[in-house]
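# Residue-level structural notes
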Amino acid sequence: MPTRTLTQENPMNAMRRTSARTAHSISSRIASAPTRRTVLAGAAASASALALAACSSGSSGSGDGDDSGSDAVPSFDPDAKTTITFMHAMASGDQKTALEKIVSDFGKDHQNVTIELQDQPDYGTLQTKTKAQVGAGSAPTIAQAYGNWASEYADSKVIVPLDAYAKANEDFADFAEAVKKDMQLTDGKIWMWPFNKSVVVVYRNAEMVKEEPKTWDDFAKVSKDVSKDGVVALSIDPGSAKGPAGGTALYEILAESMGSTVFADDGTPQFSEDGCVKALEYLVDLKDAGALAIASGYPGQEALGAEKGAFDVSSVASFPFNEQAVGGKFEMGVSALPEGPSGAANQLAGTNIVLFADASDQERAAAWEFMQFITTPEQQASWAAATGYLPVSSASLEQDAMKKVVEERPWITDAVKQLDTARALPPVTSVTEASGLLSVALQDALQGKAKPADALADAQKKAEALG
């Protein structure tokens, strides 16, 4: 049965849900172990180690993102005995099993390549261990990374730019548009290759709420109507000064659907914009009406399973865990997020893979063979079917493994389409600390300590002071 682990990803993160439930759930983003946002809080302390590693790199490639031959795709020699290391956080449950199967399948046609999996128990440990090995001059060949981690690695010139690699890949053109964008940093260059991806959906008690809400206004009305006799429609974790959580992600989605993005593409905070204020006023209104509760952990999932809640807004990868919580007591409906005045909005979550510059040309070539193998439609279908993540292109829906999943969960098709439009948080390190300030603003407003506009204005001022 599915079990939670500290590597759960917060999907709404985007930089938000990994391991046995690396489910990115708004509820978990959300508040579980270190997330793509929270793990970077200590990034500054490791900058010197990364810079040192960059200076000591013995690789034949510069990793500096220029147009020199060092950034070209190296030739792969299938007859050369080669070992590559992959540091990751898919270390338990279905994700571990699925990743090990990918490695096994790869080995059938690459018998001279050994893939050593370096398991890490959670994302926080993954980032810490990766930086430590880079600083010690023993970087893994490839590693899972969130965009803001990759931004630091790229600045320190310890990873390889992948524009030339992407151009050489036959599946790249079919990747979902948001997935392609998430492979880039703010310089517009590709520095990452996709791995585990998810978006957010609405889980509901289909006996309590017969029809899925189509708009956030509908959602609010239904939530208020069903919040009685011990039922509170929605429970969220707004996060804290220590880091954002699922409620933070829900707020970010609401803000975008109401016309504003919480962060500009370059990471500039925009907390005081009209849509951001309206989104927080929306949540406060639900709270004041007794239709929203705040707690920590996985409150939406727990309340839904206990029949004390009508909804849980979570990642698609949360499905097996919500299903387990419900335990067949009632029919669980799954639907797309409601739309706001500015239309639909969603958040892309999950990590990518980076290729470290210390690798030799043959190691890079072997790693690239493996990275491409992971994103073939066949492997993506198998991975998604086993883990609950989404395949990076719709081509995987034509594979038998995904056809079976879609038969059981027809909403998956729409979720895959949302990979074209979902928005990830900017891959900028400063977003991490600013997100903690935002979570404090949400807490203050939801607890009645400050009006939404005032709480957000204070968070904006403090975020701007971060530089």
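Labelled according to an unreviewed UniProt entry, the protein chain appears under the name ABC transporter substrate-binding protein, originating from Brachybacterium kimchii. The UniProt entry for the protein chain carries the following comment under Sequence similarities (unreviewed entry): "Belongs to the bacterial solute-binding protein 1 family." As its UniProt record puts it under Subcellular location (unreviewed entry), the protein chain is described as follows: "Cell envelope".

### Comments concerning the nonpolar core
Ile-159, Trp-193, Phe-356 and Phe-370 are the most contacted members of the largest nonpolar core, which totals 83 residues. Here this core takes seven residues from helix α12 (residues 361-374), the largest share from any one element. Not counting the four nearest positions on each side in its chain, Phe-356 is found in contact with Thr-130, Val-134, Ala-139, Pro-140, Thr-141, Ile-142, Ala-143, Tyr-153, Val-158, Ile-159, Val-160 and Arg-364.

### Brief notes about empty space enclosed by the protein
Reported here for the largest cavity is a volume of approximately 80 Å³. Taken together, Glu-252, Ile-253, Glu-256, Thr-261, Val-262, Phe-263, Asn-346, Gln-347, Arg-423 and Leu-425 make up the lining of the largest cavity. Tallied by class, residues from the lining of the largest cavity come to four nonpolar, three polar and three charged.

### Things to note about the packing of aromatic side chains
Scanning the entire structure with this criterion turns up 20 aromatic pairs. Centre to centre, the rings of Trp-383 and Tyr-389 are 6.0 Å apart; their planes meet at 5 degrees, and the pair counts as stacked. Judged on exposure class, the residue Trp-383 and its partner Tyr-389 are both buried. Through pairs of rings, three or more aromatic residues link up here, namely Phe-86, Phe-106, Phe-195, Phe-370, Phe-373, Trp-383 and Tyr-389. Over the aromatic face of Phe-172 sits the side chain of Lys-180, whose NZ or CZ is 5.2 Å from the ring centroid.

### Observations regarding unusual backbone geometry
Although it is not a glycine, Asp-229 sits at a positive phi angle of roughly 55 degrees. Counting through the fold element by element, Asp-229 comes out in the loop between α7 (216-226) and β6 (234-236). Phi is positive for Glu-307, close to 60 degrees, though the residue is something other than glycine. Inspection of the secondary structure assignment puts Glu-307 in the loop between α10 (299-305) and β8 (311-315).

### Comments concerning the pattern of salt bridges
For the structure on display, the rule yields 13 salt bridges. Residue Glu-177 is joined to Lys-180 by a salt bridge in which the shortest nitrogen-to-oxygen separation is 3.7 Å. Of this pair, Glu-177 and Lys-180 both sit in helix α6 (residues 177-182), three residues apart, which is roughly one turn of the helix. A relative accessible area of 46% means that Glu-177 is categorised as partly exposed. With its nearest N and O atoms 2.6 Å apart, the salt bridge here joins Asp-285 to Lys-224. Separated by 61 residues along the polypeptide, Asp-285 in helix α9 (residues 274-288) and Lys-224 in helix α7 bring together distant segments of the chain. Judged by its relative accessible area of 37%, Asp-285 is partly exposed.

About the thresholds
Residues numbered from 1 in each chain as written. Predicted model: local features only at pLDDT ≥ 70, side-chain atom pairs only at ≥ 80, totals over all residues. Heavy atoms only, no water. UniProt positions renumbered as here; feature names shortened; annotations may be inferred. Core = buried A, V, L, I, M, F, W, Y, C linked by side-chain atoms within 4.5 Å. Buried < 20%, exposed > 50% of the residue type's maximum accessible area, 1.4 Å probe, protein only. Helix = DSSP H or I, 4+ residues; strand = E, 2+ residues; numbered from the N terminus. Contact = heavy atoms within 4.5 Å. 1 Å grid on protein atoms, 1.4 Å probe; cavity = no way out; pocket = protein on both sides within 12 Å on 5 of 7 lines; lining within 4 Å. Points joined across faces, edges and corners; volume = space filled by probe spheres on them. Nonpolar A, V, L, I, M, F, W, Y, C, P; charged D, E, K, R; others polar. Phe/Tyr/Trp six-rings, centres within 6.5 Å; stacked < 30°, edge-to-face > 60°. Lys NZ or Arg CZ within 6 Å of the ring centre and 35° of its normal. Salt bridge = Lys/Arg side-chain N within 4 Å of Asp/Glu carboxyl O.

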